[in-house]
Amino acid sequence: MGSVFLQDLRTGWHVDQAILSEDDRIVVIRFGDPTVREVMAMDELLYKAAPLVSQFAVVYTCDTTVVRDFNDMYELWDPVTVMFFYRNKHMMVDFGTGNNNKLNFPLTDKQELVDILETVYRGAIKGRGQVTAPKDYSYLRLGGNR
């Protein structure tokens, strides 16, 4: 249901414009098929977090079954992928999973997402291209629990 309230980027041009147009906030784009359960859950979480981060982040969604322009470029093969941009620059985040390009695993806690977005923003305004997530998610790689 969250995807209904988040702004959807319907073409590659819209994705590019969203990334290019924001100078002061990070651009958060959720890539994925909105009919997939994991994507719906992430959209709900992004919807709940959006008002809390609106001062420093803007959140969009992009249906990868409709907008295929970035699927190969950003390696959008996971059910849900969240990427971060600041001033037309891709922001990387070290989650401890080995993939620093994107968040491609499920989150269930709104505050956890807000903390990640705040970390990305603080690093971005300091000119960093990569930040370390406030929590280590390496357990995901090992298949363990938190």
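Residues numbered from 1 in each chain as written. Predicted model: local features only at pLDDT ≥ 70, side-chain atom pairs only at ≥ 80, totals over all residues. Heavy atoms only, no water.

Colleague: Sorry if this is basic, but what is going on with the sheet that holds strand β6 (residues 130-132) here?
Modeller: The pairing of strands in a sheet happens through backbone hydrogen bonds and is either parallel or antiparallel. As summarised here, the arrangement of the 6 strands in space is β1-β3-β2-β4-β5-β6, forming an open sheet in which the pairing is mixed. Looking at the sheet topology across the chains shown, the edges are occupied by β1 (7-8) and β6. Of the strands in this sheet, β2 (26-32), β3 (57-63) and β4 (80-86) are in contact with helix α3 (residues 37-53), which crosses β2 at around 165 degrees. (Pairing = 2+ DSSP bridges. Helix = DSSP H or I, 4+ residues; strand = E, 2+ residues; numbered from the N terminus. Contact = heavy atoms within 4.5 Å. Axes fitted to C-alpha atoms, helices over the stretch in contact; angles between N-to-C directions.)

Colleague: Where do I start with the pairing of strand β5 (residues 89-94) in this structure?
Modeller: Two faces make up the sheet, and in a regular strand the side chains alternate between them. Across 3 bridges, β4 lies against β5 in antiparallel orientation. Along β5, the bridge assignment pairs F85 with H90. Linking β4 to β5, which pair antiparallel, is a turn of 2 residues; within it R87 sits at a positive phi near 50 degrees. In this fold, β5 hands off to helix α4 (residues 110-125), which returns the chain to β6; that crossover is left-handed. (Right-handed = clockwise from strand over helix to strand, strands pointing away.)

Colleague: Teacher, can you tell me more about α3 here?
Modeller: Think of an α-helix as 3.6 residues a turn; residues three or four steps apart then line up on the same face. When the terminal C-alpha atoms of α3 are compared, their 24 Å separation across 17 residues agrees well with the 24 Å that a helix rising 1.5 Å per residue should span. Of all the bends found along α3, the most pronounced is centred on Y47 and spans about 25 degrees, while P51, a proline, follows it within four residues. (Expected span 1.5 Å × (residues − 1). Bend = angle between axes of the 7 residues up to and from the residue.)

Colleague: Whenever I open this one, the packing of α3 against α4 confuses me. Can you help?
Modeller: Packed helix pairs are specified by the crossing angle of their axes together with the interaxial distance, meaning the distance between the axes. Running from N to C, α3 and α4 cross one another at 50 degrees; their axes reach a closest spacing of 9 Å. Viewed along their axes, α3 and α4 adopt a mutual orientation that is oblique. Like other packed secondary-structure pairs, α3 and α4 cross with a definite hand, here right-handed. Every residue of α4 that contacts α3 at L45, L46, K48, A49, L52 and V53 is listed here: K110, L113, V114 and L117. Of the residues assigned to the contact of α3 with α4, the class counts are 8 nonpolar, no polar and 2 charged. (Parallel < 35°, antiparallel > 145°, perpendicular 65-115°, else oblique. Left-handed = near helix turned anticlockwise from the far one by under 90°. Nonpolar A, V, L, I, M, F, W, Y, C, P; charged D, E, K, R; others polar.)

Colleague: Explain the side chain of T81 to me, please; I cannot follow it from the model alone.
Modeller: In this structure, T81 sits in strand β4. Not counting residues within four places of it along the chain, the set of residues in contact with T81 comprises I29, R30, F31, L76, K102, L103 and N104.

Colleague: How should unusual backbone geometry be read in this particular structure?
Modeller: With the exception of glycine, most residues fall at negative phi, and the peptide bonds are largely trans. Phi at R87 takes a positive value of approximately 50 degrees, unusual for a residue other than glycine. Relative to the helices and strands, R87 resides in the loop between β4 and β5. Not every positive phi belongs to a glycine, and N88 is a case in point at roughly 65 degrees.

Colleague: What is the right way to look at the environment of M92 in this model?
Modeller: In this fold, M92 is placed in strand β5. A relative accessible area of 25% means that M92 is categorised as partly exposed. The spatial distance from the C-alpha of M92 to the C-alpha of T65 is 24 Å, given a sequence separation of 27 residues. Those residues in contact with M92, other than ones at most four positions away along the chain, are N100, N101, G129, Q130 and V131. (Buried < 20%, exposed > 50% of the residue type's maximum accessible area, 1.4 Å probe, protein only.)

Colleague: Any chance you could explain the nonpolar core here in plain terms?
Modeller: In globular proteins that are soluble, nonpolar side chains generally tend to be buried together. Counting 34 residues, the largest nonpolar core has I26, V28, F84, F95, L103 and L107 as the members making the most contacts within it. At the level of secondary structure, the elements contributing two or more residues to this core comprise β2, α3, β3, β4, β5 and α4. Look past the residues within four positions of L107 in its chain and what remains in contact with it is M42, L45, E112, L113, I116 and Y137. L9, V15, F31 and C62 belong to the second-largest nonpolar core, a separate cluster that totals 16 residues. (Core = buried A, V, L, I, M, F, W, Y, C linked by side-chain atoms within 4.5 Å.)

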